[in-house]
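Read off the chains here:
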Amino acid sequence: MKKVAVIGGGVTGLEAASQLAQMGYTVTVFEKNSAAGGHVSKWDRLFPNRRHSIEVVNELKSYLNGNPAIYLSTAINKVTKKDNRFQLEAYNQVFEADAVLIATGFELFPAERKEEYGYGIYDNVITSAELEGMFKENGYPVKRNGDKPKRLAFIHCVGSRDEKVKRPYCSKVCCVTAVKQAIEVKEAIPEAEIFCLYMDLRMFGPGYEDLYKEAQQKGINFIRGRLSEASELEGSRVLIKTEDTLSSKPLKMSVDMVVLMVGMSPAQGTDELIAALGLQPNKDGFVEITDYHLNPVKTKVDGVFAAGACTGPNNITDSINAARSAAVEIHKYLNNK
Amino acid sequence: MRYHPFTLPFSIGLGFIMLYIIVMWTIWIVRLSRREQKIVWKRLFSFRTISAIWESIREGLLHRNIFKRNVLLGYMHMSLAFGWFMLIVLGNLEARLYPHGVINPPYYPIFFEFFRHDLTPLHEYEEIFTFLMDFFLLMVISGVSLAFFKRFRSRTLGMKRTTRHILIDRIAITALWFIFPLRLFAESVTAGLYNTGHFFTNFIGQWVIYNLPLDYLYYPAWWAYSIALGVFFITMPFSRYMHIPAEILLIFLRKYGVKEKESHSTFTKIELSACSRCGICIDACQLSTSLNISDTQPAYFIRDLRYSQPNERLRETCMMCMRCLEACPVGIEITRIRENERREHPLFSASSYGYINGYKYPKAKVAYFAGCMGHLTPSVIKSTLALFDAANVDYTFIDKNGSICCGRPLQMNGQVEAAKQLIDKNNHLIGESGAEVLVTSCPICAREFATSYHLAIPVLHHSQFLLELTQQKRLNFNQSGLKVTYHDPCELSRGLHITSEPRELLQHAVILSNGSKETESKSLCCGGSLGITNISMAERNKIATDTLNEIVAESSSYLATACPMCRKTFANAQDKIKVLDIAEILEKNLNFAPEKVSEKNQSPIKQQAVIS
């Protein structure tokens, strides 16, 4: 029986592993964290239809029934290729495989790098991921002092489309996430005033535009302008400065809470992993794919495939598609060997 | 015999250049402003003149500044200038001591050996003169050889890149290179025939070229020498070699206090002519060393400005970091000239700043101004204010609710009028604060306040202010024992000459370790410069990482800097080393002062360390 190693137990890794196991391969998933499900397991509800993310993660996890098998808290720290077979090392243990799928996903942009926004310095500047955590825990956002915020600003493109922090690319999912979260805040705290500071709104997916329209109808204010800086006022309120570029006016406002829509960055550690296989990151730091149109999971090295957010920002749908695509490509590869 | 037609090319050339220099000097001096002329007259008979003479010798002849940079390069310049000068002086003395009288035509001492083959009437001076003339000729020839060698292997002389010259410079330099070998040849032929030389020319004439038909070569050799001199003199005013007379005038005027103003002036014209296009500025420029942009440096910018008009790329491709200014052996005010040139050709029109409304802030003895860059690094503000609080400083934060820019970025890009609007607003704000001292954590603002605001109160960079507080025992720090590399920001080190205060202050909390000679006035720019708009983020990051690779000592835990912009640029460019402002490092190691001094009875600061 041919063996496939899947590195990463997020949505991509789990989906690909399940598909490959159904095709009759022996599949092992290596997850560096103590639980499978990746970032998605940390979210509360998903765009566009606000389904609970736990449903998605639980269904994916239910495939783990021995084949595919999963090793949790197992970081692969070395991969070598020898005569078309791969040897993966973790904790001095060696695993063998005939094909490898890289599904290491992404990391959230470290918001403290955008220092002028005050993350980690001011009390009530949080990230979109932390807001999801608050929804999960309380069903509504809370300020550091435990109060509900009455005035919030969502800052789009934090660590996306920003050359100054070496993230020149669009992270794709943050626009719609902000719109979704703004609606959720409005529903949880109806009297709250909400502002979204955006560059462009990229509502490309099914249902996204509807969500945007719903947000406007619910009275959420959209201001086209990037945040220039934030400072802290008395009572831990935050003063934000921007320019309303549609009316060419500088704008200043104080809010109770600032939510930074952090983008997707290449996962740390993926670099060393792919370097060991003779692969290079693309110019944005993600795993390089050889054919973006006809074979978006193939890498330069035979037998090594990559899928999901490790190849660039993806939403769940994209990742599931890529996972299935990878399963088919791995099947073709193993049969032609 | 005291005349021969071969002296004509030289005589015509000499006459032309002398007349040209006199006319140009006169025009330049006459066109100086009334005020400038007044100070020149007032200071003409003072110690400044002696000092100017000494500097002319030191830089014009001996080239001390270039020696300091590279000994071989210094020797090359010195041997050409000083060697040639000594040949002229000695030639004149020799001709005057000859028994036929002291009044000679100007060409006569130059071609003395042609006219006088019998040097015995010089008696006891014969030996010494022939020796010295040979000695200095050898020195000049060695300089020419080095200059020739430098064209092919400039690295040996400490220059990675040399200037690419235009046609007129190539003609002039070729003539100059020919002068001395031709002189050597003419004198050697003469020495071979008449034994008029010493160890050098006699040796060549009698042992090396003795089997050539010297009789036939005698006249052509002297003709060729004279022609080379004539060509050099004729091309001189139109080429880089105009720097010789212009630099002398520049040195004197500068000593008397004449300098660049807010726009181009006659003094600018003199400065432009005083540039020899030596190319030392090219290697000093990080655009060249990091990005391979090696055709926009002052050697080219100044040249184009002297002859016509530099194009936009030439004018704008400069970080205004002042490293070239520091490196220039002539001391031309390059950055000022470029800023003035940008004023004449603004790239964009800054919109009105009328919407900026004044804020009301409480009055206090110390006004703190964080600046735009300060607001982009809120942790610097937080740490600075925490230190103020610890020292019980009576301060008011005058740009707390969002800053009004100090105006410096606009100035650097030629937007004087827009900058004025901001300066007026800030001036009002500073006046309203009732403060006795203005403190800023941004060197860019500090420099702008010091140079463009004409404030009634002193301006301090926060490193100076915090040092004063520490010296007054109002702040106390624990020595952490951590090793830290300090980076000098351009505007602080070269702009305001503040290099010791930040170091002294840091040493209260950390141990300084520097891995490079490129510090203080020679410090490297972070690449974040507001003075350049036509390089990409990736290029800026390249400059930042190159700078860090050069300056950070292996053992350092942090990079300390004193400028929020440098801090941000370095931090964004890499993940290897953590970058912190001085204030952040100090706050981490703050040891609360045992005795808190009441601010009420104290003057906020002693006035000695202020930026003038």
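Residues numbered from 1 in each chain as written. Chains lettered and ligands numbered in written order. Predicted model: local features only at pLDDT ≥ 70, side-chain atom pairs only at ≥ 80, totals over all residues. Heavy atoms only, no water.

## Observations regarding the overall build of chain B
Across its full length, chain B carries 30 helices and 8 strands. Taking all 612 residues of chain B together, 58% fall into the buried category. With the model as given, the accessible surface of chain B reaches about 26200 Å², and the carbon-plus-sulfur share is 60%. For chain B, the distance from the average site of its 65 positive side-chain charges to the average site of its 52 negative ones is 3 Å. (Helix = DSSP H or I, 4+ residues; strand = E, 2+ residues; numbered from the N terminus. Buried < 20%, exposed > 50% of the residue type's maximum accessible area, 1.4 Å probe, protein only. Areas by Shrake-Rupley, 256 points an atom, 1.4 Å probe, with all protein chains shown as cover. Lys, Arg positive; Asp, Glu negative; His and termini not counted. Charge placed at Lys NZ, Arg CZ, Asp CG, Glu CD.)

## Some remarks on the domain arrangement of chain B
All names here are of chain B. For chain B, the assigned domains are domain 1 (8–244), domain 2 (259–344), domain 3 (366–470) and domain 4 (476–588). Taking the mean C-alpha position of each, domain 2 and domain 3 sit 30 Å from one another. In this assembly, 6 residues from domain 2 lie in contact with 7 residues from domain 3. Where domain 2 touches domain 3, the interface holds 1 salt bridge. Taking the shortest distance from any N to any O, the salt bridge between glutamate 339 and arginine 408 comes out at 3.6 Å. Taken together, the connections running from domain 2 to domain 3 amount to 2 residue pairs in polar contact (both at pLDDT 80 or more). The element that contributes the greatest number of residues to the side of domain 2 that touches domain 3 is helix H19 (residues 334–344), accounting for 3 residues. Considered class by class, the residues forming the side of domain 2 that touches domain 3 number 2 nonpolar, no polar and 4 charged. (Domains from an automatic or database assignment. Contact = heavy atoms within 4.5 Å. Salt bridge = Lys/Arg side-chain N within 4 Å of Asp/Glu carboxyl O. Polar contact = N/O pair within 3.5 Å; in protein donor to acceptor, adjacent residues only side chain to side chain. Nonpolar A, V, L, I, M, F, W, Y, C, P; charged D, E, K, R; others polar.)

## Concerning the sheet that holds strand E8 (residues 93–97) of chain A
Residue and element names in this part refer to chain A. The 3 strands lie next to each other as E6-E7-E8, forming an open sheet whose pairing is antiparallel. Every other strand in the sheet has two partners, leaving strand E6 (78–82) and E8 as the edge strands with one partner each. Within the sheet, the average angular offset between the axes of one strand and its neighbour, ignoring direction, is 25°. Sheet analysis places E6 next to strand E7 (residues 85–90), joined by 5 bridges and oriented antiparallel. Residue valine 79 lies in a different strand from E7, and its bridge partner there is leucine 88. (Pairing = 2+ DSSP bridges. Axes fitted to C-alpha atoms, helices over the stretch in contact; angles between N-to-C directions.)

## Overview of the interface of chain B and chain A
By a widely used convention, the size of an interface equals the accessible area lost when the partners come together. Taken residue by residue, the interface counts 22 residues in chain B and 20 residues in chain A. Of the roughly 1700 Å² buried between chain B and chain A, counting both surfaces, carbon and sulfur atoms make up 43%. Among the residues chain B hides against chain A, the three largest losses belong to Pro378, Met537 and Asn572 of chain B. Together they make up 31% of the total. Put simply, chain B and chain A have 4 salt bridges between them. Across the pair lysine 568 of chain B and glutamate 116 of chain A runs a salt bridge, and its minimum N-O distance is 2.4 Å. Applying the counting rule to chain B against chain A returns 10 residue pairs in polar contact (both at pLDDT 80 or more). When contributions to the side of chain B that touches chain A are tallied by element, the ones reaching two or more residues are helix H20 (371–376), helix H21 (378–390), helix H28 (537–551) and helix H29 (564–573) of chain B. Among the elements that take part in the side of chain B that touches chain A, H29 of chain B stands out by supplying 5 residues, more than any other. Its residues placed into classes, the side of chain B that touches chain A shows 8 nonpolar, 9 polar and 5 charged. (Buried area = accessible area lost by both parts, 1.4 Å probe.)

## Some thoughts on the nonpolar core
Residue and element names in this part refer to chain B. In this structure, Phe111, Ile179, Phe180, Trp222, Tyr225, Leu229 and Phe232 are the most contacted members of the largest nonpolar core, which totals 63 residues. Of all the secondary-structure elements, those providing two or more residues to this core are helix H1 (8–31), helix H5 (71–97), helix H6 (107–110), helix H7 (112–115), helix H8 (125–152), helix H9 (167–194) and helix H11 (214–235). For this core, the element with the most residues is H9, which contributes 11 residues. If we ignore the near neighbours within four places in the chain, the residues touching phenylalanine 111 are Phe6, Thr7, Phe10, Trp222, Tyr225, Ser226 and Leu229. Core analysis: the next-biggest nonpolar cluster, separate from the first, contains 39 residues, Ile381, Phe477, Leu492 and Val510 among them. (Core = buried A, V, L, I, M, F, W, Y, C linked by side-chain atoms within 4.5 Å.)

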